[in-house]
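Each chain, letter by letter, is given below.
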Amino acid sequence: MKAPTLLLGLTSGYELSVHVAILLDVPFPSMLSFSCANVCAPYNLDLNQRNHLPMKQRVSIKDIAKVAGVSAPTVSRALHNRGRVSMTTRSHILAVAASLGYTPSLIARGLVTQRSYTVGLVVTSFADPFHSEVAQGVEAEAARHGYSLFLASSDGVGEQSASVPSMPDQEVEVVRRLLGRQVDGIIVSSSRVGSRYADLLQESGIPLVLINTQIEGESIYSVYHDDYQGGRRLMAHLIDQGYRRIAYLGDGSGGQANAARQQAWGDLLAETGLQSAGTVSDPGGQLAGGVRATARLLQQAAGQPAPDALYCYNDVMAIGAMSYLHQAGLRVPEDVAVTGFDDIDVAAYTIPPLTTLHQPRREMGTTAMQTLIRLINQEMPPDHLQSTKMLGELIIRGSS
């Protein structure tokens, strides 16, 4: 017997059993007695009916109609849950389709609807934990509407050089490649391009939604977190806890998000009459950046009162900062408090657990996908500016 292959991504137990049985070429009843019998029994369905079809032939609507004893149009209406089909007939057709291992052809569907039923999601880096929950929200909502997801990163070029495009140019190039895949729409998370997409949108006619765009100015449709207000909440917490020498560790390539978070730091210091304990930026917002920025900050503070709190651009830099402080023999929070931003999963498990600002990342992905679906369905004007603002929650833990 030919070695079987496995199908992944099936949505229910009885579908999985049917497909495995087809692939292994074993009788259905023994494998389906626990899952499909209650669906098939009311119709006296012979689960071995798939033997009417050649093993490698794709099951069609006509095949289902022949076995079910109904017309092809009736099968089509039942599978797409539209038109006048009784519940009994529809259930019978679905049971036959399941027993035959039917899967709808997106290519055929696309020929009729002029859609590919795919969307693209571009993130700045696969290494950034922020994007994982954003992607989960996008993918779950996309699947709910029958769409598949292409995922791409805009920083795959690594270190920048004279021969390598800048990050904004690389981002635009990735988006253009997705357009070449004939996607129905695109979502870009933490865009470094922003309003430059207006021309691309007009050129391609493909809907596009931005999440947390990092460039100031108007974009078409966007979902973003209010980083300024989130930063004020973190700073107010540190000041309320009695910290007076607060430094800011920033991301030199963080764009608008870094600017908003740093502005919140500066404004709260000014409003409370506190002096700056310094600010250091390191591009990328990564663990090593947090280590380097903390080292430079403490070197700058030599011979002066050291900072008693570090307000960091994101959780990843904050964890890097905590690592360096530990190596330097400084205790968190007894000697130096540390706060992050984003509330990535690991933030709750550092020692001590990290105080941070929770961004509703999954909800942002869900909202962006809902907006994109409405644009694809032409339920919203494609050239109308609409931004959805979200505000996260202060999460107080042991690091402050």
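(A) Focus on the overall build of the protein. Of the regular secondary structure elements, the protein holds 15 helices and twelve strands. The buried share among the 400 residues of the protein stands at 46%. Carbon together with sulfur atoms contributes 53% to the accessible area of the protein, which is approximately 19,800 Å² in total.

(B) View of helix α11 (residues 227-240). In a regular helix each residue adds 1.5 Å, so 14 residues correspond to 20 Å; α11 covers 20 Å between its end C-alpha atoms and thus fits that length. Those residues of α11 that sit buried are Asp227, Gly230, Gly231, Leu234, Met235, His237, Leu238 and Ile239. Just past α11, the residue Gly242 takes up positive phi, approximately 100 degrees.

(C) Region of the structure containing the environment of Ala260. Relative to the helices and strands, Ala260 resides in helix α12 (residues 255-272). Judged by relative accessible area, Ala260 falls into the buried class, the value being 15%. The spacing of Ala260 and Gly231 is 29 residues in sequence and 7.7 Å in space, taken between C-alpha atoms.

(D) A look at the packing of aromatic side chains. According to the stated counting rule, one finds three aromatic pairs in the structure shown. Ring plane angle 45 degrees and centroid distance 5.2 Å describe the contact between Tyr117 and Tyr147, whose orientation is recorded as tilted. Within this pair, whereas Tyr117 is found in the loop between α7 (106-113) and β1 (118-123), its partner Tyr147 is found in the loop between α8 (130-144) and β2 (148-153), the two being separated by 30 residues in sequence. In this structure, Tyr117 and Tyr147 share a single accessibility class: buried. By the ring-pair criterion, three or more aromatic residues cluster together here, those being Tyr248, Trp265 and Tyr311. One residue, Arg261, lies across the ring of Tyr313, its end atom 4.6 Å from the ring centre. Just above the ring of Phe341 sits the side chain of Arg261; from NZ or CZ to the centre is 3.8 Å.

(E) Structural context of the nonpolar core. Formed by 38 residues in total, the largest nonpolar core has its most connected members in Met235, Leu238, Ile246, Leu249, Leu310, Tyr311 and Val338. Among the secondary structure elements, those contributing two or more residues to this core are α11, β6 (246-250), α12, α13 (287-300), β8 (309-312), α14 (315-327) and β9 (337-339). In terms of residue count, α14 provides more of this core than any other element does, seven residues in total. With residues up to four places along the chain from it excluded, the contact list for Met235 reads Ile246, Ala264, Trp265, Leu268, Leu269 and Tyr311. Ranked by size, the runner-up nonpolar core spans 25 residues in total, among them Val223, Ala368, Leu375 and Met380.

(F) Main features of the pattern of salt bridges. One pass over the full model with this rule turns up ten salt bridges. Across the salt bridge formed by Glu271 and Arg232, the nearest N and O atoms sit 2.9 Å from each other. With Glu271 in helix α12 and Arg232 in helix α11, this pair connects stretches of sequence that are 39 residues apart. For Arg232, a relative accessible area of 21% corresponds to the partly exposed category. Between Asp282 and Arg296 there is a salt bridge, with the nearest N and O atoms lying 3.7 Å from each other. Of this pair, Asp282 sits in the loop between β7 (279-281) and α13 while Arg296 sits in helix α13, and the two are 14 residues apart along the sequence.

(G) A look at the side chain of His131. Its place among the elements puts His131 in helix α8. In terms of polar contacts, His131 uses its side chain to reach the side chain of Ser189, at 3.1 Å. Beyond its immediate chain neighbours, meaning those up to four positions away, His131 contacts Val123, Thr124, Ser125, Ser189 and Ser190.

(H) Structural detail: unusual backbone geometry. Looking along the chain, the bond that leaves Val332 and enters Pro333 is cis, with omega of 10 degrees. Looking at where Pro333 falls in the secondary structure, it is placed in the loop between α14 and β9. The omega torsion of the bond from Ile351 to Pro352 falls at -5 degrees, within 30 degrees of zero and hence cis. Within the secondary structure, Pro352 sits in the loop between β9 and β10 (356-358). Of note, Asp343 is a non-glycine position whose phi angle comes to about 65 degrees, a positive value. With respect to the secondary-structure elements, Asp343 resides in the loop between β9 and β10. Asp343 sits in the buried class, given a relative accessible area of 11%. With a phi angle near 60 degrees, Gln378 is a residue other than glycine that sits in the positive phi range. Residue placement: Gln378 occurs in the loop between α15 (361-376) and β11 (386-390). For Gln378, a relative accessible area of 71% gives the class exposed.

(I) Local environment of the side chain of Arg261. Along the chain, Arg261 falls in helix α12. Beyond its immediate stretch of four places on either side in the chain, Arg261 contacts Asp227, Tyr248, Tyr311, Tyr313, Asn314, Phe341, Asp342 and Gln359.

Definitions and cut-offs
- Residues numbered from 1 in each chain as written.
- Predicted model: local features only at pLDDT ≥ 70, side-chain atom pairs only at ≥ 80, totals over all residues.
- Heavy atoms only, no water.
- Helix = DSSP H or I, 4+ residues; strand = E, 2+ residues; numbered from the N terminus.
- Buried < 20%, exposed > 50% of the residue type's maximum accessible area, 1.4 Å probe, protein only.
- Areas by Shrake-Rupley, 256 points an atom, 1.4 Å probe, with all protein chains shown as cover.
- Expected span 1.5 Å × (residues − 1).
- Phe/Tyr/Trp six-rings, centres within 6.5 Å; stacked < 30°, edge-to-face > 60°.
- Lys NZ or Arg CZ within 6 Å of the ring centre and 35° of its normal.
- Core = buried A, V, L, I, M, F, W, Y, C linked by side-chain atoms within 4.5 Å.
- Contact = heavy atoms within 4.5 Å.
- Salt bridge = Lys/Arg side-chain N within 4 Å of Asp/Glu carboxyl O.
- Polar contact = N/O pair within 3.5 Å; in protein donor to acceptor, adjacent residues only side chain to side chain.

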